[in-house]
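# Topology and contacts: notes
So the chains spell out like this:
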Amino acid sequence: MIKLPPQPFKVTEVDETHPLVVNALRDRKHFELCWCGSGKKYKKCHRLREQETPCPLGQILSLQQKIFWQKRGCMHPQASPTTCNGRVIDSHTIQRKGPLERIVDETGHVMHFQSNSTDGELGVSKTGWRKASVFPGYCAGHDSSLFSQLEREPFTGEHRQCVLQAFRNVCNELYRKQALIEVLKFQRHLMDRGRNLDEQINTQISYAKSIKGQIKSVEELERLRVSYESAIIQNELETFVSKCYFFRGDLDVVSSSVFQCEFDFVGNKLVDMWDLSIDAESLSHSVMNTDEGGAIVFVWLRSENAPNAVVTSFDNLPDEEKGDIFVQYCFLNCENTFFAERWWKGLSTENRDQVQCFANTFFYEGGEFVSNKDRLVNWSFN
Ligand SMILES: [Zn+2]
Ligand SMILES: [Zn+2]
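What this report covers is the structure whose coordinates are included nearby. Values in this document were obtained by computation on a predicted structure and should not be read as measured data.

### Quick notes on the coordination of the zinc ion (ligand 2)
Ligation of the zinc ion (ligand 2) by protein atoms is provided by Cys 74 (SG), Cys 84 (SG), Cys 139 (SG) and His 142 (ND1), these donors lying 2.1 to 2.3 Å from the ion. In this structure, the zinc ion (ligand 2) is surrounded by four donor atoms whose angles at the metal cover 99 to 117°, and the resulting shape is tetrahedral. Here the donor residues of the zinc ion (ligand 2) share one chain and are spaced in sequence as C-x9-C-x54-C-x2-H. Of this pair, Cys 74 sits in the loop between helix H2 (57-69) and strand S1 (88-92) while His 142 sits in helix H4 (residues 140-152); the two residues are 68 residues apart in sequence, bridging distant segments of the chain.

In structure tokens, the structure reads:
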């Protein structure tokens, strides 16, 4: 269901003066706290790590899926036993009676990329459409009070609809990041089993760095969630900008998410995501359905510059390349991307290889998108 890397996010160059390295290399009593920072006694943590049996990747992946999807209670700020109504339900980030309906096959399935249990690579997989693009974020009562307008009304491009959709993307991303931190904390003590001390130190430093980065991005997303929530409640929607690009054509690929503006559509780097002293700015994107085809919808905070730069770079793309490049961007960046089986089967081998490769890229390092001669989608924007 999610692009969970079987390795920490980024392999870090280890400096020997790093406090964790110095601490790990000195002699240590069995009952002292472990060097890795787990808070456990050394004898119960890393003392015999090298002799431990490595955990098979398939088992790690299935355990982390379990952790990821466990219910964490209703995310609504007023959530309590008296205000919540019903159990926490699976909220759709892509509407059931909207975009998802366009890509479902006759057996009720849609396609997406999912990790296989042998090597963690992402491969094409089918899933029932009721399970596609969901997250267990809200009780039934709060889900309906916040988002029912999205499921009830056809998409027209009205600003309020765009902001509500973006708000749901923010909640989904927040849920995923919180779950990801739990997964990383769990994973860091399985990945270095049976490894020598040097490898253990590298693994632990790398995880510590990733977790720190994720905690920061959860804090940023939480602030963004609060901005959306208060704007929606107080009807101050001008805090946000929305921009819709309507197109005609077959809605074969749908995608919905919010992420930090690291690069624009021509590959310019806007911010260094590994510099934790800088606050990231985020852009929401969604693909919506209309009678003629669909729309790509961007929403961002009016006060922020980076998202504006990303959308301007999209605007500047030639109309005939917009659909192709946007779909590349989705597969590269967004695991919440689903597609029709008929579309996948109809792609050329070359295009299929490209999509497969983008879906398996965990760190996009920039570089201009180049549109395919043989377009991925037939979306016409003029
Ligand atoms: Zn330890
Ligand atoms: Zn609730």
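The discussion continues.
### Some remarks on empty space enclosed by the protein
Going through the model one piece at a time under the given rule, you end up with two cavities of 30 Å³ or more. A volume near 30 Å³ is recorded for the second largest cavity. In terms of residue class, the lining of the second largest cavity is made up of six nonpolar, one polar and one charged.

### A word on the packing of aromatic side chains
Enumeration according to the criterion identifies 28 aromatic pairs in this entry. In textbook terms, an aromatic cluster arises when at least three aromatic residues are bridged by ring pairs, as seen for Tyr 245, Phe 259, Phe 265, Phe 298, Phe 314, Phe 326, Tyr 329 and Phe 369. Across from the ring centre of Phe 147, 4.1 Å away, lies the NZ or CZ of Arg 168, which sits over that ring. Above the face of the Trp 344 ring, Arg 352 is positioned so that its terminal group lies 5.7 Å from the ring centre.

### Focus on unusual backbone geometry
The phi torsion at Ser 133 lies on the positive side, around 65°, for a residue other than glycine. Tracing the backbone shows Ser 133 in the loop between strand S3 (122-128) and strand S4 (134-139). Assessed through its relative accessible area of 0%, Ser 133 is described here as buried. Despite not being glycine, Asn 235 has its phi angle at roughly 55°, a positive value.

### Some thoughts on the side chain of His 285
Mapped onto the secondary structure, His 285 falls in strand S7 (residues 282-289). Side chain to side chain, His 285 and Ser 255 meet in a polar contact 2.9 Å long. Sequence-distant contacts of His 285, defined by excluding residues within four places in its chain, comprise Asn 169, Ser 255, Ser 256, Ser 257, Phe 259, Val 297, Phe 298, Phe 326, Tyr 329, Cys 330 and Cys 334.

### With respect to helix H5 (residues 159-187)
Between its first and last C-alpha atoms H5 spans 41 Å; for 29 residues at 1.5 Å apiece the expected length is 42 Å, and the two agree. Judged by how many residues are buried, H5 sits mostly within the fold: 24 of 29 residues are covered.

### Digging into the pattern of salt bridges
Scanning all chains against the criterion turns up 19 salt bridges. When the shortest N-O distance is used, the salt bridge between Glu 222 and Arg 225 registers 3.0 Å. Taken as a pair, Glu 222 and Arg 225 lie in helix H6 (residues 197-233) at a separation of three residues, close to a single helical turn. The partly exposed category is assigned to Glu 222, whose relative accessible area is 29%. Glu 238 is the salt-bridge partner of Arg 302, the closest N and O atoms lying 3.4 Å from each other. Of this pair, Arg 302 sits in the loop between strand S8 (293-301) and helix H7 (306-315) while Glu 238 sits in the loop between H6 and strand S5 (240-248), and the two are 64 residues apart along the sequence. A residue is classified by how much of its surface remains accessible, and Arg 302, at 47% relative accessible area, is partly exposed. Ionic contacts of the salt-bridge type, sharing partners, join the residues Arg 49, Glu 52, Asp 192 and Arg 193 into one network.

Parameters and conventions
- Residues numbered from 1 in each chain as written.
- Chains lettered and ligands numbered in written order.
- Predicted model: local features only at pLDDT ≥ 70, side-chain atom pairs only at ≥ 80, totals over all residues.
- Heavy atoms only, no water.
- Donors = N, O, S within 2.8 Å, 3.2 Å for Na, K, Ca; no water.
- Tetrahedral: all angles 85-135°; square planar, octahedral: opposite > 155°, others 65-115°.
- Helix = DSSP H or I, 4+ residues; strand = E, 2+ residues; numbered from the N terminus.
- 1 Å grid on protein atoms, 1.4 Å probe; cavity = no way out; pocket = protein on both sides within 12 Å on 5 of 7 lines; lining within 4 Å.
- Points joined across faces, edges and corners; volume = space filled by probe spheres on them.
- Nonpolar A, V, L, I, M, F, W, Y, C, P; charged D, E, K, R; others polar.
- Phe/Tyr/Trp six-rings, centres within 6.5 Å; stacked < 30°, edge-to-face > 60°.
- Lys NZ or Arg CZ within 6 Å of the ring centre and 35° of its normal.
- Buried < 20%, exposed > 50% of the residue type's maximum accessible area, 1.4 Å probe, protein only.
- Polar contact = N/O pair within 3.5 Å; in protein donor to acceptor, adjacent residues only side chain to side chain.
- Contact = heavy atoms within 4.5 Å.
- Expected span 1.5 Å × (residues − 1).
- Salt bridge = Lys/Arg side-chain N within 4 Å of Asp/Glu carboxyl O.

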